[in-house]
Amino acid sequence: MTHYDVIIIGTGAGGGTLARHLAPSGKRLLLLERGGWLPQELQNASAEEVFVNGRYVTTETWRYDNGEAFQPQVHYYVGGATKMFGAALYRLREDDFRELKHHDGMSPAWPIGYDVMEPYYTSAEHYYQVHGARGEDPTEPPSSAPYPFPAVSHEPRIQKLSDDLAALGHHPFHAPCGVMLDEANRPFSRCMRCDACDGFPCIVHAKSDADVLGVRPALAHSNVELWTNAEARRLITNSAGTEVIGVVVQRDGATETVRGDLVVVSCGAVNSARLLLMSANDQHPNGLANGSDQVGRNYMFHNSQAVLALSHEENPTVFQKTLGLNDFYFSGSDFDFPMGNIQMVGKSQAPMFRGEKPGETKLAPNWTLRDVARHAVDFWLSTEDLPRPENRVTVDRDGTITIAYKNTNEESKRRLFEQLKSMLSHVDDIDHHHLLPHHWYLKDEVPVAGCAHQAGTCRFGTDPNSSVLDADCKAHELDNLYVADTSFFPSIGAVNPALTAMANSLRVGDRLLERMGIRAAPHVTAAPDSEMAP
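Residues numbered from 1 in each chain as written. Predicted model: local features only at pLDDT ≥ 70, side-chain atom pairs only at ≥ 80, totals over all residues. Heavy atoms only, no water.

A few words now on the pattern of salt bridges. In this structure the tally under the stated criterion is 30 salt bridges. Of the charged contacts in the structure, one is a salt bridge between Arg55 and Glu49, with a shortest N-O distance of 3.2 Å. Residue Arg55 is classed as partly exposed on the basis of its relative accessible area, which comes to 34%. One salt bridge in this structure joins Glu411 and Arg414, with 2.7 Å as the shortest N-O distance. Taken together, the positions of Glu411 and Arg414, both in helix α10 (residues 410–430) and three residues apart, correspond to about one turn of that helix. A residue is classified by how much of its surface remains accessible, and Glu411, at 23% relative accessible area, is partly exposed. (Salt bridge = Lys/Arg side-chain N within 4 Å of Asp/Glu carboxyl O. Buried < 20%, exposed > 50% of the residue type's maximum accessible area, 1.4 Å probe, protein only. Helix = DSSP H or I, 4+ residues; strand = E, 2+ residues; numbered from the N terminus.)

Given below as structure tokens:
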């Protein structure tokens, strides 16, 4: 039986990044991915296939705590959730690492400060070729280096919106974006600035996902092995329950056990909790690393809403996800609590409405939906979801996942939406042809089944009685078990969590290298020579 130095379970933002970071060490690495390679095919760019037919969504069933079954919008492929993400790669704000008072309660402090994470954010931005512009967003945290690539430019309609908001005294900024785009040399740019990015797999592999910029560079090293269609079913410990000695894997219809010195769980917040809970044994009767009863608890996924503002004139924008606004991230003019982040999302297409609102749109003629899409200016609003122990993931004996969840910060979410409407109405006072004088807003609340931005089920901390992991993301109760995905978040902030997961995986990777007697390489501070290759 082959013995590995490190086994990484999951290949998304956490596991894929960690694999690339550890690959040059020469140590024997095994990556376990329960899915396969997402096929590169024309259907990648089809809104009908992706949003209506759910071509890449898992067929498995989860349950709400009332027993109702639902199909989670998760995707099991090499690269994990990043295969379908919008490539918005934000840093958490500096104050997100501290205790923050919200309308619905307190957001807890992290056991590490932003200063600890900062060099890893910088390295992650270089790993994932992030485009952006420092200094435009007044809430942005300090950084030790500029973005590796210039901001993705706004198309004319979005540039006009940015100019109008700035004229009103707001601070719109170019959203940090992970795409392999070279606007100065378009004939040699991998990214085409198409309309099939946010929510789609990239048909030309030009999105900075954990498959293209994590796993594939790792596999260039002969010491790295990837098993696809290989689901980790449980972890086995030694007789004392102090370390993991094996991973039970179901692969191609057979079950086998693999062994490694260090084991890293990076399955996503829900499935990482599931794996630990399913690994209960005599020494850990409530689940592995669960002496605190915190595994699966404090599930968060952002209190988000997609908003379409419709106007008389058409919005011809193709690549729309280039603008953000954090002026109300921590407070508003008449509200002393954080409200959250406003950003653009990918340009809406008619089939998306049928996929997301099938009941409301089933009788609508296609021309009506196309007309709505042509006139839509699309926003995404994120309000911080507070950790609650009763918001949790549990599993049945057969492994079926149940999620119990109630929303938090509803008033902050409502006020952020009203703030957006107010801003746009004042924009109209500048140019009445820009947006409707009286807006018609369509809101799409993101449900639990959406599974977007999930985090928090294996929180890290200094107290083993109230956390699952220590400050290095090692399980308090096991000497060689780590968790490196968004499960470790004690709070989620109000910006997309992917870059924080990537940065933290680099931090955890340094700890693993130290344990294996390898000195970590200096972190990247210079831009790569090209966006065409990792």
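Further remarks concern the side chain of Arg507. Looking at where Arg507 falls in the secondary structure, it is placed in helix α11 (residues 498–515). At 2.8 Å, the side chain of Arg507 forms a polar contact with the backbone oxygen of Ala471. Setting aside anything within four residues of it in sequence, one finds Arg507 in contact with Ile112, Val116, Tyr120, Phe460, Ala471, Asp472 and Cys473. (Polar contact = N/O pair within 3.5 Å; in protein donor to acceptor, adjacent residues only side chain to side chain. Contact = heavy atoms within 4.5 Å.)

For the rest of this paragraph, the subject is the packing of aromatic side chains. Under the counting rule described, the total for this entry stands at 18 aromatic pairs. Measuring from ring centre to ring centre gives 4.8 Å for Phe97 and Trp110, while their planes differ by 55°; the resulting arrangement is tilted. A residue pair is termed long-range when its members are at least 10 positions apart, and Phe97 in the loop between β4 (69–70) and β5 (100–102) and Trp110 in the loop between β6 (105–107) and α3 (114–127) qualify at 13 residues. Trp110 carries the same exposure label as Phe97, and that label is buried. An aromatic cluster is defined as three or more aromatic residues linked by ring pairs; in this entry it consists of Phe97, Trp110, Tyr114, Tyr121, Phe460, Phe488 and Phe489. Above the face of the Tyr147 ring, Arg134 is positioned so that its terminal group lies 3.8 Å from the ring centre. Directly above the ring of Trp227 sits Arg251, whose terminal nitrogen or CZ lies 3.9 Å from the centroid. (Phe/Tyr/Trp six-rings, centres within 6.5 Å; stacked < 30°, edge-to-face > 60°. Lys NZ or Arg CZ within 6 Å of the ring centre and 35° of its normal.)

With that settled, consider unusual backbone geometry. Among all residues save glycine, negative phi is the norm, and among peptide bonds the norm is trans. Of note in this structure, His205 is not a glycine but carries a positive phi near 55°. Assignment of secondary structure puts His205 in the loop between β10 (177–178) and α5 (211–219). Positive phi values are uncommon outside glycine, yet Asp293 reaches one of about 60°. For Asp293, the location among the structural elements is in the loop between α6 (269–278) and β15 (303–310). A relative accessible area of 34% means that Asp293 is categorised as partly exposed.

Before going further, it helps to examine α6. Among the 10 residues that make up α6, nine are buried, leaving the element largely enclosed by the rest of the structure. Burial in α6 covers these residues: Ala269, Val270, Asn271, Ser272, Ala273, Arg274, Leu275, Leu276 and Leu277.

Our focus in this paragraph is the sheet that holds strand β20 (residues 401–404). Spatially, the four strands line up as an open sheet ordered β4-β3-β20-β19, and their pairing is mixed. Two strands bound the open sheet, and with one partner strand each, they are β4 and β19 (392–395). Summarising the sheet, β19 and β20 pair through four bridges and their orientation is antiparallel. Paired with Val393 across the strands is Ile403, a residue of β20. With respect to the sheet, α6 is in contact with β3 (62–64), β19 and β20, its orientation differing from that of β19 by roughly 45°. (Pairing = 2+ DSSP bridges. Axes fitted to C-alpha atoms, helices over the stretch in contact; angles between N-to-C directions.)

Another point: the environment of His302. Structurally, the position occupied by His302 is in the loop between α6 and β15. Along the chain, His302 and Ala376 lie 74 residues apart, while their C-alpha atoms are 24 Å from each other. Filtering out sequence-adjacent residues up to four positions away, His302 remains in contact with Ser382, Thr383, Glu384, Asp385, His453, Ile492, Gly493, Ala494, Val495, Asn496 and Pro497. Reaching out from His302, the side chain makes a polar contact with the backbone oxygen of Gly493 at a distance of 2.9 Å.

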